[in-house]
Amino acid sequence: MKKTAIIFFSLMFLGFYSNAQQESFFKKADAFFKSNVTEGRVKYKGIKQNSSVLNNLTDYVANVDVSQFSSDEKKAFYLNAYNILVIKNIIDAYPIDSPMSIDGFFDKKKQTVAGEVLTLNEIENKKIREVYKDSRIHFALVCAAKGCPEIASFAFTPEMVDEQLQQLTTKAINNSDFTKVNKSEKQVMLSEIFNWYKQDFLNEAPDLLAYINKYRKEKLDKNFKVSHYSYNWELNEADMHN
């Protein structure tokens, strides 16, 4: 009986400890993004000069056991993990002008995530896209380039992840630098993201114009022509004065 009680309380303690660690990760990640992201740009230089918080976050990402996480906990975790590891990979090579300057940035360079060795593409495709089938993640995962949607200045949390994805998707699609509307020509130019992951958007709408109209405050006429502008792979670095 004593042994059973000891095991029970030990497991309960481990559960509390694990929950506390998880809560601490989301809080630390949130503080990290708030401190190092301004107007959708990242303060890489400052992070490079003091990378202790980033290293602590990547250590947690590498070693955490997500087997008991809920669906929303995993979703928030992997979204944060992706953006944190993108920044980590940039910092490791900094100073650079573009993530494309790093060989195999997306498909060769590997890092440990919850005990698995994965590339950034594998985190995105196997851990997020295939599992959640939620097109809004494309406005949350930021690849360190100016062509990406603006990186959030907050961490995703299990309690808020759905609302946060809705917020970021709405913000991107209503941003005139990201969704380029020419009313007089009845044209709208979309990011290459809508081309690369077209099926993800068509799973949720009959066409791309219908998809963006779900989130646009000012709807576009169905006769608008849709095209894509070239992706800007320049590093999404914050101005040194910000």
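Before any of the text, the structure's been laid out above.
The numbering scheme is per chain: residues are counted from 1 as the chain's sequence reads. For a predicted model such as this one, the threshold for reporting local features is a pLDDT of at least 70, and the threshold for listing and counting side-chain atom pairs is 80 or more; totals across whole chains, interfaces and linings nevertheless cover every residue. Excluding hydrogens and water, the side-chain figures rest on all heavy atoms present in the structure.

## Let's talk about the nonpolar core
- Put simply, a nonpolar core is a bunch of buried Ala, Val, Leu, Ile, Met, Phe, Trp, Tyr and Cys residues held in one set by side-chain atoms that sit within 4.5 Å of each other. When accessible area is computed with a 1.4 Å probe and restricted to protein chains, residues below 20% of their type maximum are described as buried, those above 50% as exposed, and intermediate ones as partly exposed. If you look at the biggest cluster of nonpolar residues, it comprises 77 residues, and the most contacted ones within it are F77, I87 and F194.
- Should any heavy atoms of two residues lie within 4.5 Å, those residues are considered in contact. Filtering out sequence-adjacent residues up to four positions away, F77 remains in contact with F25, F26, Y60, V61, V64, V66, F69, V113 and A114.

## Overview of helix α3 (residues 52-63)
- A run of H or I in DSSP becomes a helix once it reaches four residues, and a run of E becomes a strand once it reaches two; helices and strands are each numbered from the N terminus. Helices are assigned an expected span. That span is 1.5 Å times one less than the residue count. Between its first and last C-alpha, α3 extends 17 Å over 12 residues, near the 16 Å set by a 1.5 Å rise per residue.
- Turning to α3, its buried residues number three or more, namely L54, L57, T58, Y60, V61 and A62.

## Thoughts on the packing of helix α4 (residues 71-93) against helix α5 (residues 120-132)
- Axes here refer to lines fitted to C-alpha atoms; in helices the fit is confined to the stretch in contact. Angles between the N-to-C directions go from 0 to 180 degrees. Two numbers describe how α4 lies on α5: the axes approach to 10 Å, and their chain directions differ by 160°. For the element pair α4 / α5, the angle class is roughly antiparallel. Between α4 and α5 the crossing geometry is left-handed. Taken together, the residues of α5 that come into contact with α4 (itself represented by S71, K74, K75, Y78, L79, Y82, L85, V86 and N89) are L120, I123, E124, K127, I128 and Y132.
- Residues are grouped as follows: nonpolar covers Ala, Val, Leu, Ile, Met, Phe, Trp, Tyr, Cys and Pro; charged covers Asp, Glu, Lys and Arg; every other residue, Gly included, is treated as polar. When its residues are assigned to classes, the contact of α4 with α5 shows nine nonpolar, two polar and four charged. To sort the angles, those under 35 degrees are grouped as roughly parallel, those over 145 as roughly antiparallel, those from 65 to 115 as roughly perpendicular, and the leftovers as oblique. Each crossing is labelled by how the near helix is turned from the far one, with a counterclockwise turn of less than a right angle marking it left-handed and a clockwise turn marking it right-handed.

## Re the sheet that holds strand β5 (residues 180-182)
- Strand order across the open sheet formed by three strands is β5-β6-β7, with mixed pairing between neighbours. Strand pairing shows two members of the sheet lacking a second neighbour, β5 and β7 (225-228), which therefore form its edges. Averaged over neighbouring strand pairs, the angle between their axes works out to 20° when direction is ignored.
- Pairing analysis gives three bridges linking β5 to strand β6 (residues 187-190), with the strands arranged antiparallel. Within the sheet, the bridge partner assigned to K180 lies in β6 and is M189. Two strands are counted as paired when DSSP detects at least two bridges linking them.

## A short note on the environment of W233
- Tracing the sequence through the fold places W233 in the segment after β7.
- Looking at W233, the relative accessible area reads 26%, which means it is partly exposed.
- For the pair formed by W233 and E73, sequence separation is 160 residues and the distance between their alpha carbons is 31 Å.
- Residues within four places of W233 in sequence aside, it is in contact with D97, S98, P99, M100, F106, C143, A145 and W196.

## Concerning unusual backbone geometry
- Look at the link from Y94 to P95: it is a cis peptide, with omega at 5°.
- Here P95 lies in the loop between α4 and β3 (110-113).
- Its identity as a non-glycine residue notwithstanding, A114 has a phi of 50°, on the positive side.
- Note on placement: A114 falls in the loop between β3 and β4 (116-119).
- With relative accessibility at 18%, the residue A114 sits in the buried group.

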